[in-house]
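Each chain, letter by letter, is given below.
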Amino acid sequence: MSEIMERLNAMGITLPEASGPAARYANYVQVNSLLFVSGKGPAGSPKGKLGSDFTVEEGYHYARQAGIEVLAVVRDALGSLDKVKRVVKIQGFVNAEPAFEEHHKVLNGCSDLMIEAFGERGIHARSVLGAVSVRDNLPIIIDSIFEVEGQEC
């Protein structure tokens, strides 16, 4: 078992099968040493907005779940999470009410997961935006970029 998978297992996380794209696009694209993962939402497809339907704590949990979905795609793309050299960037699109101001606390769910899984290699740049709406009324969608080893997928 890979080092990263052992770490995830120790945290009680079992990666699901990678979910497919929700429309007509690639689940991931690798260009040289960068792996771009298309936007992923949380498992179970919860529906609603932060600030009215969900609390910050629930949003944190959904961002962590979306991060798990991202990791499943990365494993599918590379065959092993150990081929990740660095988590480069995480971008979160938080489906939120206009008055909601704690987007950063929601995205911490994914950021914390990446750092717990990859250690120093998991420290990344990030952006978080509030969205009036997102596909399927999900609470969050996460877009990500990884630096990876090996040949293109």
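Attention here is on the structure that accompanies the text. (Residues numbered from 1 in each chain as written. Predicted model: local features only at pLDDT ≥ 70, side-chain atom pairs only at ≥ 80, totals over all residues. Heavy atoms only, no water.)

What to know about the nonpolar core
Then comes step 1: With 38 residues, the main nonpolar core has Leu-8, Val-74, Leu-81, Met-114, Phe-118, Ile-142 and Phe-146 as its most contacted residues.
Then comes step 2: In terms of residues, this core owes the most to one element, helix 2 (residues 56-78), which gives 11 residues.
Then comes step 3: The contacts of Val-74, once residues within four sequence positions are left out, are Leu-35, Val-37, Gly-79, Leu-81, Val-84 and Phe-146. (Core = buried A, V, L, I, M, F, W, Y, C linked by side-chain atoms within 4.5 Å. Buried < 20%, exposed > 50% of the residue type's maximum accessible area, 1.4 Å probe, protein only. Helix = DSSP H or I, 4+ residues; strand = E, 2+ residues; numbered from the N terminus. Contact = heavy atoms within 4.5 Å.)

Section: the packing of aromatic side chains
Then comes step 1: Counting across every chain of the model gives one aromatic pair.
Then comes step 2: Considering the side-chain rings of Phe-54 and Tyr-62, the 5.0 Å spacing of their centres and the 75° angle between planes classify their relative orientation as edge-to-face.
Then comes step 3: Taking the relative accessible area as the measure of exposure, Phe-54 reaches 12% and is therefore buried. (Phe/Tyr/Trp six-rings, centres within 6.5 Å; stacked < 30°, edge-to-face > 60°.)

Here's the deal with the packing of helix 1 (residues 3-10) against helix 3 (residues 103-118)
Then comes step 1: Between helix 1 and helix 3, the shortest axis-to-axis distance is 8 Å and the interhelical angle comes to 120°. One element, helix 1, and the other, helix 3, form an angle in the oblique class. Contacts between helix 1 and helix 3 involve Ile-4, Arg-7 and Leu-8 on the former and, on the latter, Leu-113, Glu-116, Ala-117 and Phe-118. (Axes fitted to C-alpha atoms, helices over the stretch in contact; angles between N-to-C directions. Parallel < 35°, antiparallel > 145°, perpendicular 65-115°, else oblique.)

Function-wise, these values are silent; they only describe arrangement.
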